[in-house]
Amino acid sequence: MTSTLQQFAKVIDELSSCHAVLSTQLADAMMFPITQFKERDLKEILTLKEVFQIASNDHDAAITRYSRLSKRKENEKIKAEVTEDVYTSRKKQHQTMMHYFCALNTLQYKKKISLLEPLLGYMQAQISFFKMGSENLTEQLEEFLTNIGTSVQNVRREMDCEVENMQQTIEDLEVASDPLYLPDPDPTKFPAHRNLTRKAGYLNARNKTGLVSSSWERQFYFTQGGNLMSQARGDVAGGLVMDIDNCSVMAVDCEDRRYCFQITSFDGKKSSILQAESKKDYEEWICTINNISKQIYLSENPEETAARVNQSALEAVTPSPSFQQRHESLRPAVQSRPPAARTSSTGSLGSDSAALSALSLDSLVAPDTPIQFDIISPVSEDLPGQAKSSGQSGRRTNPFGESGGSKPETEDSILHQLFIVRFLGSMEVRCDESPDVVYETMRQILAARAIHNVFRMTESHLLVTCDCLKLIDPQTQVTRLRFPLPNVVLYATHQENKRLFGFVLRTSGGRVDSRQTSICYIFESNNEGEKICDSVGLAKQIALHAELDRKASEKQKEIDRVKEKQQKELNKQKQIEKDLEEQSRLIAASSRSNQSSTEGQFVVLSSSQSEDSDLGEDGKKKRESEA
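Residues numbered from 1 in each chain as written. Predicted model: local features only at pLDDT ≥ 70, side-chain atom pairs only at ≥ 80, totals over all residues. Heavy atoms only, no water.

A. Looking closely at the overall build of the protein. Counting its regular elements, the protein contains nine helices and 14 strands. Looking at the protein as a whole, 37% of its 627 residues are labelled buried. Restricting the contact set of the protein to residue pairs at least 6 apart, pairs at least 24 apart contribute 68%. Approximately 37400 Å² of the protein is accessible, and the part contributed by carbon and sulfur atoms is 53%. (Helix = DSSP H or I, 4+ residues; strand = E, 2+ residues; numbered from the N terminus. Buried < 20%, exposed > 50% of the residue type's maximum accessible area, 1.4 Å probe, protein only. Contact = heavy atoms within 4.5 Å. Areas by Shrake-Rupley, 256 points an atom, 1.4 Å probe, with all protein chains shown as cover.)

Take a look at the structure:
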């Protein structure tokens, strides 16, 4: 028993040593990699996340300070400091972001081996433990474990190569992205993409806090189909801001902010003013929302369709060499035409048409017609054949009826209404029978202004009289343009934005072409355009009644002239008859006196003839000479 116990104690001692080796191997090959993965790799990720969050907050604070810069010229030193702060914070955020992404990608590889290595160490420890007392381990299992070890080494080598490649990529991106750290990069080096149908990025939204005061809030905005969404920092998902199908977007001039634009819904009940960070984002947001408002995103190739639409708009605003000849045709001859009744505008603009109906506009608007974004000079107001003298200046019009040196031509008009308007543009149209041509011209001109960054508008006074419409300079009271009222054949307001209105002017041809042309003029008013259209309609009605009264008076005068002529003819006929009676009476009286004298002459003649026969030839000659 003693020897047996000794042998048993020896075996137990060997088993204890084997267990100690197994415990050591399990601690080194299994527990240590797991502990290292938790304490080093995961902690590094959390640390990088905090660093990135701090850099992102610093960048947001720098952007907020930069956005508060006034557009008025102020201290250049403060502007340079704020710009440098934005540059430094943006660069720091970009660098921490790239390292954070690199650590996340590395973690994907480490995650694959963080469980394989401990299991491999566990199996190796168990194999070495059981090899001491078991010979049942096969070469197949050993080969399998060897293959696992080889795969782990391959993953580690691939991870090292990927880390090297990502480090090189980070260095290249840092060099290439240096100009993008500026808050407003050069648009010539980074041009705006005008054919986008999707857009996302940070914008500042204006929120009214009172009647006059307002605040700005920075949020992440993105488009989703025909909707504009926003998402605040920390939110899980975004919320709907506005439906931008058939909406209108235009640049606005804010007193305290730059790069601002306004989006108005299709029904005009909701609007939002947003501010972009740079001019490039500002132009891209306007073009993207304008493309979405046309429902181009519903087509199969949205960007290709948007490129075709923008190309057609670009061709529409291409300058024409015959532009001066075109405006010489603005001197129309007076034509008699019944007044066109203004149609009521209901529904959404373009809602009855297909999504891509903007591509085929040949039936309404000439495709190669240039768009005039500013009004022409008062010189073109003179009529053909009237040479302007060297000392003659533009005619002054006093809308309040006060006469100056000469009598205004509209002094006799019973209607004088004045409106403040801004000229948006004009272009030649093919049709002047339907108000759709006015709506389409509005869409074309607003789209062209957004595409070509034409935001300046000339303010004028629109004077509505019974004879004409006049655009008057508010400073000098000089008449810029004059539109004869009979030539205004169509007028309408926008169906949603009631501040927009337009009219179609039918004019005779210029000096070269004698054909009639129709030009549509688009304006924006301070008040609703419906009031202007009502005034134009009232003026046309007054002019129509005046024309009817004039024609009736002319007709009555013509009847009076005919009656007077007939009376003159009748009097003349009576006078002729009277003269004939008097003449016949005189002839009868003279015939009676002639008859008595003829009888006496006959007796004398008979005696003289007898004497002549007695005197002979010499006597006849003598009598003739005496006679």
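B. Layout of the environment of T264. Tracing the backbone shows T264 in strand β6 (residues 260–264). Note on T264: relative accessible area 17%, which makes it buried. Taking C-alpha positions, T264 is 9.3 Å from E496, a pair spaced 232 residues apart along the chain. The residues contacting T264, other than those within four sequence positions of it, are M242, C247, S248, K270 and S271.

C. Seen up close, the side chain of S56. On the secondary structure map, S56 appears in helix α1 (residues 2–67). Those residues in contact with S56 that lie beyond four places of it in its chain are Q93 and R233.

D. Spotlight on the sheet that holds β6. Taken in spatial order, the seven strands make up an open sheet running β4-β3-β2-β1-β7-β6-β5, and their pairing is antiparallel. Only two strands of the sheet have a single partner each, and these edge strands are β4 (239–243) and β5 (248–252). Along the sheet, successive strands turn relative to each other by an average axial angle of 40 degrees, direction set aside. Of the pairings in the sheet, the one linking strand β2 (residues 214–224) to strand β3 (residues 227–231) comprises five bridges and is antiparallel in character. Within β3, the residue paired with F220 across the bridge is Q231. Strands in contact with helix α4 (residues 279–293) are β1 (200–208), β2, β3, β5 and β6; relative to β6, the strand with the most contacts, it is inclined by about 15 degrees. (Pairing = 2+ DSSP bridges. Axes fitted to C-alpha atoms, helices over the stretch in contact; angles between N-to-C directions.)

E. Looking closely at the sheet that holds strand β13 (residues 500–507). Ordered in space as β11-β10-β9-β8-β14-β13-β12, the seven strands form an open sheet in which the pairing is antiparallel. Where the open sheet ends on each side, the last strands, each with one partner, are β11 (479–484) and β12 (488–493). Ignoring strand direction, the axes of neighbouring strands in this sheet form an average angle of 30 degrees. The pairing of β12 with β13 spans five bridges and is antiparallel. Looking across to β13, one finds that L490 is bridged to V504. Contacts from helix α7 (residues 436–451) reach β8 (417–429), β12, β13 and β14 (517–525) within the one sheet, and its direction differs from that of β8 by about 85 degrees.

F. Fine view of α4. If you check α4, its first and last C-alpha atoms are 21 Å apart, about what 15 residues at 1.5 Å a residue would give, namely 21 Å. The element α4 is extensively covered by neighbouring structure, given that twelve of its 15 residues are classed as buried. Restricting attention to buried positions, one finds in α4 the residues Y282, E283, E284, W285, I286, C287, T288, I289, N290, N291, I292 and S293. Just past α4, the residue Q295 takes up positive phi, approximately 65 degrees. (Expected span 1.5 Å × (residues − 1).)

G. Region of the structure containing the nonpolar core. Core analysis: the biggest nonpolar cluster contains 26 residues, and L462, L469, F483 and Y521 have the highest contact counts within it. Of all the elements in the fold, those that place two or more residues in this core are β8, β9 (458–464), β10 (468–472), β11, β12, β13, β14 and α8 (529–615). The element contributing the most residues to this core is α8, with five residues. If sequence neighbours within four positions are ignored, F483 has contacts with C468, L469, L471, V488, F503, L505 and Y521. Listed in part, the 21 residues of the second largest apolar core include L203, A251, Y282 and W285. (Core = buried A, V, L, I, M, F, W, Y, C linked by side-chain atoms within 4.5 Å.)

H. Examining the packing of aromatic side chains more closely. As enumerated under the stated definition, the model contains 13 aromatic pairs in all. Taking the centre distance of 5.8 Å and the plane angle of 40 degrees together, the rings of Y259 and Y282 count as tilted. Within this pair, whereas Y259 is found in the loop between β5 and β6, its partner Y282 is found in helix α4, the two being separated by 23 residues in sequence. For the pair shown, Y259 and Y282 are each scored as buried. Ring plane angle 20 degrees and centroid distance 5.5 Å describe the contact between F501 and F523, whose orientation is recorded as stacked. With a gap of 22 residues between them, F501 in strand β13 and F523 in strand β14 connect regions that are remote in the sequence. Judged by its relative accessible area of 1%, F523 falls in the buried class. Through pairs of rings, three or more aromatic residues link up here, namely F423, F483, F501, F503, Y521 and F523. Its end group placed over the ring of Y202, R218 keeps NZ or CZ at 4.3 Å from the ring centre. (Phe/Tyr/Trp six-rings, centres within 6.5 Å; stacked < 30°, edge-to-face > 60°. Lys NZ or Arg CZ within 6 Å of the ring centre and 35° of its normal.)

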